[in-house]
Amino acid sequence: MRRALLIAGTLLAVILVIGLMIWLAWRSEQNAPGISYEEVGRQHIDLRALPPKPYNSNPPSSGAHYPTPGNWGIYDYEVNDKIFIHNLEHGGIWIAYRPSVSAKAVEDLKGISSEFGGSKIVMAPRSANDADVAVVAWTRVL
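Remember, predicted model here, so these are calculated numbers, not experimental data. Each chain carries its own residue numbering, running from 1 in the written order of its sequence. Only residues with pLDDT of at least 70 get local features here, since the model is predicted, and only at 80 or more are side-chain atom pairs given and counted; chain-wide, interface and lining totals rely on the full set of residues. Working from all heavy atoms in the structure, the side-chain values ignore hydrogens and water.

> Quick question: what am I supposed to make of the pattern of salt bridges here?
Close approach of charged atoms allows side chains of opposite charge to pair. Every case where a carboxyl oxygen of Asp or Glu lies within 4 Å of a side-chain nitrogen of Lys or Arg is listed as a salt bridge. One pass over the full model with this rule turns up seven salt bridges. As a salt-bridge pair, Asp46 and Arg48 come within 3.6 Å of each other at their nearest N and O atoms. With a 1.4 Å probe rolled over the protein chains alone, any residue whose accessible area is under 20% of its type maximum counts as buried; one over 50% counts as exposed, and the rest are partly exposed. On the basis of relative accessibility, which here comes to 72%, the residue Arg48 falls in the exposed class. Between Arg126 and Asp81 there is a salt bridge, with its nearest N and O atoms 2.8 Å apart.

The structure is reproduced here in structure tokens:
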């Protein structure tokens, strides 16, 4: 009887800890910065192909993308969205800025990106942005 109570108590404690971890993960997602978007897929497609589903954020934060991610780092030219979407799928951050932003703003963004040297960050100009600067993660845009 005592052994059965011990097993039941341990099982209950494990279930409570797992439940707490799930709840904490859910709460942290709710408090994350930016806007959350529903995932629209992870298909690998040709760079020139149209995605089977339209992207639901600007810049895109999920969806069909090129099979090979871009190299991590800072670019001074526009890169096809389908390349950087793959970087997002691998846990990366994409900083996209309108080419019309000031040189000072671009230098500041480069400084922020460089602070996290070696991290999974790509940064490039993107004329199709809705905002002057967008910070993108998988299914999330700030």
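> Sorry if this is basic, but what is going on with the nonpolar core here?
In globular proteins that are soluble, nonpolar side chains generally tend to be buried together. Grouped together as the largest cluster of nonpolar side chains are 14 residues, with contacts concentrated most on Tyr75, Val79, Phe84, Trp94 and Val136. It is helix H2 (residues 81-89) that provides the largest number of residues to this core, a total of four residues. Contact partners of Val79, with chain neighbours within four places excluded, come to Phe84 and Ala124. Definition used in this section: a nonpolar core is a set of buried Ala, Val, Leu, Ile, Met, Phe, Trp, Tyr and Cys residues joined via side-chain atoms within 4.5 Å. In this description a helix means any DSSP run of H or I spanning at least four residues, a strand means any run of E spanning at least two, and both kinds are numbered starting from the N terminus. Only heavy atoms enter the contact rule, under which two residues are in contact if any of them lie within 4.5 Å.

> Can you walk me through the side chain of His65 in this structure?
Mapped onto the fold, His65 is located in the loop between strand S1 (35-36) and strand S2 (73-74). In this structure the side chain of His65 is engaged in a polar contact, spanning 3.2 Å, whose partner is the side chain of His44. Counted as a polar contact is a pair of N or O atoms within 3.5 Å, where, for protein atoms, one must be capable of donating a hydrogen and the other of accepting one, and residues adjacent in sequence contribute only when both atoms are in side chains. Engagement of the side chain of His65 in a polar contact is seen with the side chain of Glu89, the distance being 2.8 Å. Sequence-distant contacts of His65, that is, excluding residues within four places in its chain, are made with Arg42, Gln43, His44, Ile45, Lys82, Ile85, His86 and Glu89.

> Could you clarify how one ought to interpret the side chain of Asn87 in this entry?
Considering the arrangement of structural elements, one finds Asn87 in helix H2. Residue classification places Asn87 among the buried positions, given a relative accessible area of 0%. Once residues lying within four places of it in the same chain are set aside, the contact partners of Asn87 are Pro69, Gly70, Trp72, Gly92 and Val122.

> Sorry if this is basic, but what is going on with the packing of aromatic side chains here?
Each aromatic ring pair is specified by the distance between its two centres and by the angle formed by the two planes. In this analysis, rings of Phe, Tyr and Trp, with Trp reduced to its six-membered ring, are considered paired at centre separations within 6.5 Å, and the interplanar angle assigns stacked below 30 degrees, edge-to-face beyond 60, and tilted for intermediate values. By the definition in use, this model includes three aromatic pairs. Ring geometry for Tyr75 and Phe84: centres 5.3 Å apart, planes at 65 degrees, overall edge-to-face. Judged by relative accessible area, Tyr75 falls into the buried class, the value being 13%. The exposure class assigned to Phe84 is buried, which follows from its relative accessible area of 1%. With 5.4 Å between their ring centres and 70 degrees between their planes, Phe84 and Trp94 make a pair best called edge-to-face. Of the two residues, Phe84 sits in helix H2 while Trp94 sits in strand S3 (residues 93-97), which places them ten residues apart along the sequence. A single burial state applies to Phe84 and to Trp94, both of which are buried. Every member of this aromatic cluster is reached through a ring pair, and the members are Tyr75, Tyr77, Phe84 and Trp94.

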